[in-house]
Amino acid sequence: MLGELPAPFTEEKFGQAEKTELDAHFENLLARADSTKNWTEKILRQTEVLLQPNPSARVEEFLYEKLDRKVPSRVTNGELLAQYMAEAASELGPTTPYGKTLRTVAEAEKRLGAAERDFIHTASISFLTPLRNFLEGDWKTISKERRLLQNRRLDLDACKARLKKAKAAEAKATTVPDFQETRPRNYILSASASALWNDEVDKAEQELRVAQTEFDRQAEVTRLLLEGISSTHVNHLRCLHEFVKSQTTYYAQCYRHMLDLQKQLGRCGQAPGSPCSQTTTMPVVPSVAGLAPPGEAALCLEEVAPPASGTRKARVLYDYEAADSSELALLADELITVYSLPGMDPDWLIGERGNKKGKVPVTYLELLS
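Just so it is clear, the structure is predicted and the values come from calculations on it, not from any experiment.

Each value, and the rule that gives it
Residues numbered from 1 in each chain as written. Predicted model: local features only at pLDDT ≥ 70, side-chain atom pairs only at ≥ 80, totals over all residues. Heavy atoms only, no water. Pairing = 2+ DSSP bridges. Helix = DSSP H or I, 4+ residues; strand = E, 2+ residues; numbered from the N terminus. Axes fitted to C-alpha atoms, helices over the stretch in contact; angles between N-to-C directions. Phe/Tyr/Trp six-rings, centres within 6.5 Å; stacked < 30°, edge-to-face > 60°. Buried < 20%, exposed > 50% of the residue type's maximum accessible area, 1.4 Å probe, protein only. Lys NZ or Arg CZ within 6 Å of the ring centre and 35° of its normal. pLDDT = per-residue confidence, 0-100. Contact = heavy atoms within 4.5 Å.

Caption draft 1: Representation of the sheet that holds strand S4 (residues 356-361) in the model. Across the sheet, five strands lie side by side as S4-S3-S2-S1-S5; this open sheet has antiparallel pairing. Two strands lie at the open edges of the sheet, namely S4 and strand S5 (365-367), each paired on one side alone. Sheet twist, expressed as the average angle between the axes of neighbouring strands with direction ignored, equals 40 degrees. The sheet contact formed by strand S3 (residues 348-353) and S4 spans six bridges and is antiparallel.

Caption draft 2: Quick peek at the packing of aromatic side chains. Under the defined criterion, the tally for this structure stands at eight aromatic pairs. Their ring planes at 75 degrees and their centres at 6.4 Å tell us that Tyr 320 and Trp 348 sit as a pair that is edge-to-face. Here Trp 348 lies in strand S3 and Tyr 320 lies in the loop between strand S1 (312-316) and strand S2 (335-339), a separation of 28 residues in the sequence. The class of Tyr 320 is buried, set by a relative accessible area of 5%. Judged by its relative accessible area of 0%, Trp 348 falls in the buried class. Above the face of the Trp 39 ring, Lys 42 is positioned so that its terminal group lies 4.5 Å from the ring centre. Lying over the aromatic face of Trp 348, Lys 359 brings its terminal NZ or CZ to 5.6 Å of the ring centre.

Caption draft 3: Broad picture of the confidence of the model for the protein. Of the residues in the protein, 75% have a pLDDT of 70 or more, and the chain-wide mean is 80. Here residues 1-15 scores under 50 on pLDDT; set against residues more than four positions off or in separate chains, the count is 17 contacts. Counted against residues more than four places away or in other chains, residues 270-299, with its pLDDT under 50, gives 54 contacts.

The structure is reproduced here in structure tokens:
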């Protein structure tokens, strides 16, 4: 096996050749680049698992991507569940309490599936694609230049070893033993050998200068690429913010869809004589101390006063339609005053806008200092 390795590498392994060391800053750049690559791979793979838990589907998408073909549209789990529920409702009786509830839940699951599809699409473009581009583009370039640098270093080490040997041979050739002074022929041979090794030293020095120049040039190219990892971090940071934004939007949509579904089922379960009156009433989230849930007699909102601890301003993130008179309808980007009451569900606050007040969901608000 050793016979297949480059001579300088073999000599370094046995400690016979001097190894050109890189400076500490360069070594730190190499370590940071390797760490960035390793963690980017792990984050990429786990994000793929998050977005697509089915390993067979991930393999299929990978193959389509490598073949530069469009990945076929795939039904999400929520949409598939919605389809099954709708079909079950049709077969079991769409006018029965169970059938009507199945259809209602199916519509909500369909909306959840659509929201999931949008989230997967957005996250793939804004987060996964930049990570893949780094691994398949910038990192491959860095790896190529690092291999070239390694070869230049081996060449430089070989030139250093060759010059060292030539100088040692020259010094030995110029040392003439005393007995040679009486033998002119031996002296002449020694002088000839000394001249020969002197030429070898000159040649080795010239090769060393060339190798050093090539090594320095390649080291500078590699250094610039490694320092570019800082720009990669900035880009990945921006992409991470986009990923969190898309994930926040997705979960907010899910929360809104489920809240609407819960209210529909709650109203259906409480409507006298309705087809769903035999179903179990869903608990309407949330119940607020001093405010009854929708469908029940509510405390007069005029009796609700801000607590002694004070109030805060909040900016509305999304439009919100009030389910009943105990809630306050919201418009995106408007500013309202909010506060909490003792024993109140932490997911809700009391909101005030002018002379109107009512419950508002916290997830729809950005609390201001």
